[in-house]
Amino acid sequence: MTQMPLPPAHPAVFLDRDGTIIEEVGYLDRPERVTLYPYSIAAIRALNRAGFRVVLVTNQSGIARGFFDEATVKAVHGHLAHLLGAGGAHLDAYYYCPHHPDGHVAPYGGRCDCRKPARGLVDRAVRELAVDPARSFTVGDRWLDVQLAQTVGGRGILVRTGYGALEERRRPADVIVDAVVNNLVEAVGHILSAHDRAVAGATPARS
Ligand SMILES: [Mg+2]
Ligand SMILES: [Zn+2]
């Protein structure tokens, strides 16, 4: 019997939501409170065109804490998809962790395997989107977003928007970061140049 070739695994960029794509406003409980940073559409569109899977990964402990429900998060993501789509950009998936160890709303309390920096949401992208974590990046405004990359064998980038400027001043000793940049558009510039170098290295040179 002939062995079927394995499906190709795709590089991905895992994007944090609050403070990275949209303004950090605390617990975001209404779609009307979504404000995209001015460069987010162009930055995500560039990743789409470069062939990355672009995946939102967000901790939404407000669900476990009873501040809003999953339907609210889905409405926020629907609105975000609409705003991005109007500019020709898209996210391939919207993944969120609804849990928190101290959450009092059943069934979301207690430990889980998907609250960043735990790897559950990335593992879901591996299953559902054929993503290769080792060729992937994470971008976020918290060290836990960078630590997620470290956990799955990818490369993590910290942006200074949202909590990022504050986070930069209290870097954990054991964190490995690929770059600290001002915002998402700079992060995408870094990713695309690293990606181009990797592609060039994998292709036999012609002369
Ligand atoms: Mg954030
Ligand atoms: Zn979770």
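Our structure is the block above this text.
Okay, so let's go over this structure.

Quick notes on the overall build of the chain
In terms of helices and strands, the chain carries six helices and six strands. Walking the chain from its N terminus toward its C terminus, one meets helices and strands in the order β-α-β-α-β-α-β-α-β-α-β-α. Over its C-alpha atoms the chain spans a radius of gyration of 17 Å, differing by no more than 12% from the 17 Å that the globule rule assigns to 207 residues. Across its three principal axes, the chain shows a C-alpha extent of roughly 60 × 45 × 40 Å. Counting all 207 residues of the chain, 45% fall into the buried class. Counting only carbon and sulfur atoms, one obtains 54% of the accessible surface of the chain, whose full area is about 10400 Å². Averaging the positions of the 23 positive and the 22 negative side-chain charges in the chain gives two centres separated by 3 Å.

Quick look at the packing of helix H1 (residues 40–49) against helix H6 (residues 184–202)
One can describe the packing of H1 onto H6 by two numbers: an axis separation of 9 Å at closest approach and a directional angle of 15 degrees. The angle between H1 and H6 places the two elements in the roughly parallel class. Here H1 and H6 pass one another in a crossing that is left-handed. On H6, the residues that touch Ser40, Ala43, Ile44, Ala46 and Leu47 of H1 are Leu184, Val185, Val188, Ile191 and Leu192. Grouping the amino acids of the contact of H1 with H6 by side-chain chemistry returns nine nonpolar, one polar and no charged.

Some thoughts on the pattern of salt bridges
Going through the model one piece at a time under the given rule, you end up with 13 salt bridges. Several salt bridges share partner residues, and in doing so they unite Asp29, Arg30, Glu32 and Arg33 into one network.

Observations concerning the coordination of the zinc ion (ligand 2)
Every protein donor of the zinc ion (ligand 2) is accounted for by Cys97 (SG), His99 (ND1), Cys112 (SG) and Cys114 (SG), and the metal-donor separations fall at 2.0 to 2.3 Å. Note that the zinc ion (ligand 2) binds four donor atoms; their angles at the metal cover 102 to 119 degrees, and the shape is tetrahedral. One chain supplies every donor for the zinc ion (ligand 2), spaced along it as C-x1-H-x12-C-x1-C. Separated by 13 residues along the polypeptide, His99 in the loop between strand S3 (93–97) and helix H3 (120–129) and Cys112 in the loop between S3 and H3 bring together distant segments of the chain. Note on His99: relative accessible area 18%, which makes it buried.

Description of the coordination of the magnesium ion (ligand 1)
Coordination of the magnesium ion (ligand 1) by the protein is provided by Asp16 (OD), Asp18 (O) and Asp141 (OD), with metal-donor distances spanning 2.1 to 2.2 Å. Coordination of the magnesium ion (ligand 1) draws on donor residues from a single chain, spaced D-x1-D-x122-D in sequence. Of this pair, Asp16 sits in the loop between strand S1 (12–15) and H1 while Asp141 is found in the loop between strand S4 (137–140) and helix H4 (143–152), placing the two residues 125 residues apart along the sequence.

Rules used throughout
- Residues numbered from 1 in each chain as written.
- Chains lettered and ligands numbered in written order.
- Predicted model: local features only at pLDDT ≥ 70, side-chain atom pairs only at ≥ 80, totals over all residues.
- Heavy atoms only, no water.
- Helix = DSSP H or I, 4+ residues; strand = E, 2+ residues; numbered from the N terminus.
- Rg over C-alpha atoms; globule rule 2.2 N^0.38 Å.
- Buried < 20%, exposed > 50% of the residue type's maximum accessible area, 1.4 Å probe, protein only.
- Areas by Shrake-Rupley, 256 points an atom, 1.4 Å probe, with all protein chains shown as cover.
- Lys, Arg positive; Asp, Glu negative; His and termini not counted.
- Charge placed at Lys NZ, Arg CZ, Asp CG, Glu CD.
- Axes fitted to C-alpha atoms, helices over the stretch in contact; angles between N-to-C directions.
- Parallel < 35°, antiparallel > 145°, perpendicular 65-115°, else oblique.
- Left-handed = near helix turned anticlockwise from the far one by under 90°.
- Contact = heavy atoms within 4.5 Å.
- Nonpolar A, V, L, I, M, F, W, Y, C, P; charged D, E, K, R; others polar.
- Salt bridge = Lys/Arg side-chain N within 4 Å of Asp/Glu carboxyl O.
- Donors = N, O, S within 2.8 Å, 3.2 Å for Na, K, Ca; no water.
- Tetrahedral: all angles 85-135°; square planar, octahedral: opposite > 155°, others 65-115°.

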